[in-house]
Amino acid sequence: MNSLIASNPTVRTTHSVGEEVIRLEDVTVVYRAPSERFNTFKEFAIRWIQGKIRHNTFLALQDVNLTIHKGEVFGIVGQNGAGKSTLLKLIARVLRPTMGRVWVNGRVAPLLELGAGFHPELSGRENVFLNGAMLGFSREEMSKKIDGILEFSELGSFIEAPVRTYSSGMWARLGFAIATDTAPEILILDEILSVGDEAFQRKCQARIQSFRDNGTTILVVSHHMQVIKEMCQRAVWLHHGRVNMVDTPENVIHAYTDEQNR
Amino acid sequence: MILERKLGKSPLIYDSAERKNPALEELTQISRYRHLIFQLTRRDVLTRYKRSFLGIAWTMLNPLGMMIVLTIAFSSIFRFGEVESYPAYVLSGLLAWSFFSQTTTAAMINLVWGGGLLHRIYVPRTSFALAAIATGIVNIILSMVPLVAVMLITGVRITASILFFPVPILLLACFALGVGLLISTFAVYFPDVAEMYQIAVTGWMYLTPVIYPEEILPDQYSFLVTHLNPMYYLVKLFRIPLYYGRLPTFFELMPAIIVALVVLILGWIVFTRKSDEFAYRI
């Protein structure tokens, strides 16, 4: 890991280089939307010819600097619209920053919504291969993982049934099993720890623990301060697209809840 | 983006500051994600008819049904007397046309409706269009079975030139991919483009000799409908090794190759230049 990054001349070497897995430098994301919403091309074309299109800009993130190290469990707190999901999209490289730089070392597997890519008509097994391909894995690679996925998801013979017949718990178990069995370097947990029954939640916690032990970096977004406090080593408080604070979860939660209750 | 140059860089490093040519970068990504395109194609082929009784047979029965309707309507009402085996003529045209209209529409719909995925994980954005084209190729190859059957029944001579059929399909695929990427780009910004395209593509079909022979065109429009219409070359090229049972001439092949490649490159460049904005829009 160390040598890989050190040999990359474009990476600025400041401190604890080998440890960094995510770095955001002066990142700003501007959403630019027409000030009125055009639902049809006709409407747009008329306005465009009239020269009456104005754009509103919205700063989703502003001058964000953040460094996250290998093996860290990093919490993200903030109100709705504070830029939490924009931050996750940048790291999952779904969005490119308008300004600044995002640098990520490793495969990112988001658990944003479990099983979001499932096709209801396909069987669980077929969806495992489809989902794996979305994460960049070949059929052969997924074949090696399918036993582990089957075991963790506890689906048994249901794996051959179309996923439209699954309960939401089964759906979630399969999604969790796929995302975690593909062993990403960076795992994104976005409010997912409230699905499934208690036993399954305990299993998820155990698996997340084993991820931490194996040095996976984990990003946790939650409105439940208890989750952040229990899981994370550090946390960031985002406020209107700016980084308000980066500190231990206790301090961040304290400051954040104080602000909320004022 | 992900680097795979042999400079000791990990292929898993993503750096938004490294910005290469998006059109070329997309090609690199597609080769990395080829399994995804295979899986998406498999999904489309499997699910299309999964819950229907006749299953995959619909792929073949659908154009046959259209052929029967059109044959009854046109050969008795309009009397295209000069067309040898009208059923084989119209079926070959319909297969080429429905390949084009279905794959371009699917490329657009997959991206706009399947776009939820684009918010969650990174996948090359052209995957959806490429999978739509690949699904279309599977379907049109399956449809060769009823076409050959109709040719045999109606007494069209089948020659060795039939082996040339992959070339027109490949060129049709290139053209459809280019058009599909262009309209997908528009459809991301304006959802009603999907509706408008359906009307446009229907109109375009009637302006192309698909269900009627090109000889019936009035002389003053003939040039417009044929030489300025890319689909004229492609539909005709598809028919030549099958219905006409010969190999195409140089002047039949070249315009099709040029138009297919130009549109493909144009669509690829426009789409990849805009695709970083898609997650903001869909």
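Thresholds, definitions, all that
Residues numbered from 1 in each chain as written. Chains lettered and ligands numbered in written order. Predicted model: local features only at pLDDT ≥ 70, side-chain atom pairs only at ≥ 80, totals over all residues. Helix = DSSP H or I, 4+ residues; strand = E, 2+ residues; numbered from the N terminus. Contact = placed C-beta atoms within 7 Å. Buried ≥ 20, exposed ≤ 12 C-beta atoms within 10 Å, placed from the backbone. Pairing = 2+ DSSP bridges. Axes fitted to C-alpha atoms, helices over the stretch in contact; angles between N-to-C directions. Nonpolar A, V, L, I, M, F, W, Y, C, P; charged D, E, K, R; others polar. Core = buried A, V, L, I, M, F, W, Y, C linked by C-beta atoms within 7 Å. Expected span 1.5 Å × (residues − 1). pLDDT = per-residue confidence, 0-100.

**Points about the overall build of chain B**
Right, on to step 1. Looking only at helices and strands, one finds 11 helices and 1 strand in chain B.
Right, on to step 2. Put simply, chain B runs from its N terminus to its C terminus through helices and strands in the order β-α-α-α-α-α-α-α-α-α-α-α.
Right, on to step 3. Within chain B, contacts between residues separated by at least 24 positions form 77% of all contacts whose residues are at least 6 apart in sequence.

**Regarding the overall build of chain A**
Right, on to step 1. Tallying secondary structure elements over chain A gives 9 helices and 9 strands in all.
Right, on to step 2. Relative to its full complement of 262 residues, chain A shows a buried share of 42%.
Right, on to step 3. Across chain A, contacts joining residues at least 24 apart in sequence account for 72% of those joining residues at least 6 apart.

**A word on the sheet that holds strand S7 (residues 217–221) of chain A**
Residue and element names in this part refer to chain A.
Right, on to step 1. Ordered in space as S5-S6-S7-S3-S8-S9, the 6 strands form an open sheet in which the pairing is mixed. A strand with exactly one partner marks an edge of an open sheet, and here the two such strands are strand S5 (108–110) and strand S9 (242–247). Here the average twist between neighbouring strands, direction ignored, is 20 degrees.
Right, on to step 2. Where helix H3 (residues 84–91) meets the sheet, it contacts strand S3 (73–77), S5, strand S6 (186–190), S7 and strand S8 (234–239), and its direction lies at approximately 155 degrees from that of S7.
Right, on to step 3. Packing of helix H9 (residues 249–261) onto the sheet brings it into contact with S3, S8 and S9, and relative to S8 it is tilted by some 25 degrees.

**Some points on unusual backbone geometry**
The phi torsion of most residues other than glycine is negative, and most of the peptide bonds are trans.
Residue and element names in this part refer to chain A.
Right, on to step 1. At Asp26, a position not held by glycine, the phi torsion is positive, near 45 degrees.
Right, on to step 2. Within the element layout of this structure, Asp26 appears in strand S1 (residues 20–34).
Right, on to step 3. Unusually for a residue other than glycine, Arg93 sits at a positive phi of about 45 degrees.
Right, on to step 4. Among the structural elements, Arg93 can be located in the loop between H3 and strand S4 (99–105).

**Here we look at the pairing of S6(A)**
All names here are of chain A.
Right, on to step 1. Counting buried positions along S6 yields 4 of 5 residues, so the element is predominantly enclosed.
Right, on to step 2. Sheet analysis places S5 next to S6, joined by 3 bridges and oriented parallel. Following the sheet pairing, Val108 is matched in S6 by Ile186.

**A look at the interface of chain B and chain A**
Right, on to step 1. The partner chain A presents 40 residues to the 36 residues of chain B that form the contact.
Right, on to step 2. Sort the elements by how many residues they give to the side of chain B that touches chain A and helix H2 (residues 34–48) of chain B lands first, with 6 residues.
Right, on to step 3. Residue composition of the side of chain B that touches chain A, grouped by class: 18 nonpolar, 8 polar and 10 charged.
Right, on to step 4. As paired strands, S4(A) and strand S1 (residues 13–15) of chain B are joined by 3 bridges and run antiparallel to one another. Directly across from A:Val104, in S1(B), lies its bridge partner B:Tyr14.

**So, the pairing of S7(A)**
Residues and elements named next belong to chain A.
Right, on to step 1. Across the 5 residues of S7, 5 count as buried, placing the element largely inside the fold.
Right, on to step 2. Burial of S7 is two-sided: the residues Thr217, Leu219 and Val221 facing one way and the residues Ile218 and Val220 facing the other way are all buried.
Right, on to step 3. By the bridge criterion, 4 bridges tie S3 to S7 in an arrangement that is parallel. What sits directly across from Gly75, in S7, is Val220.
Right, on to step 4. For S6 and S7, the ladder comprises 5 bridges, and the chain directions are parallel. Each bridged residue has a counterpart across the sheet, and for Asp190 the counterpart in S7 is Val221.

**Quick look at the nonpolar core**
Right, on to step 1. A:Ile91, A:Leu219, A:Val220, B:Leu172, B:Phe175 and B:Leu234 are the most contacted members of the largest nonpolar core, which has 144 residues in total.
Right, on to step 2. Top contributing element to this core by residue count: helix H4 (residues 86–113) of chain B, with 15 residues.

**Some remarks on H2(B)**
Right, on to step 1. Between its first and last C-alpha atoms H2(B) spans 21 Å; for 15 residues at 1.5 Å apiece the expected length is 21 Å, and the two agree.
Right, on to step 2. For H2(B), the set of buried residues is B:His35, B:Leu36, B:Ile37, B:Gln39, B:Leu40, B:Thr41, B:Arg42 and B:Arg43.
Right, on to step 3. Where H2(B) is buried, its residues contact helix H4 (124–134) and helix H5 (139–153) of chain A together with helix H5 (127–153) of chain B.

**Describing H9(A)**
Right, on to step 1. Across its 13 residues, H9(A) extends 18 Å between first and last C-alpha, which sits within 8% of the 18 Å expected from 1.5 Å per residue.
Right, on to step 2. On its buried side, H9(A) packs onto S3, helix H8 (225–231), S8 and S9 of chain A.

**Some thoughts on the confidence of the model for chain B**
Residues and elements named next belong to chain B.
Right, on to step 1. Summing up the model confidence of chain B, the mean pLDDT is 86 and the portion of residues at 70 or higher is 90%.
Right, on to step 2. Considering only residues more than four positions removed or in separate chains, one finds that residues 1–9, a stretch of pLDDT under 50, has 16 contacts.
Right, on to step 3. Listed scores for the predicted complex are pTM 0.83 and ipTM 0.76.

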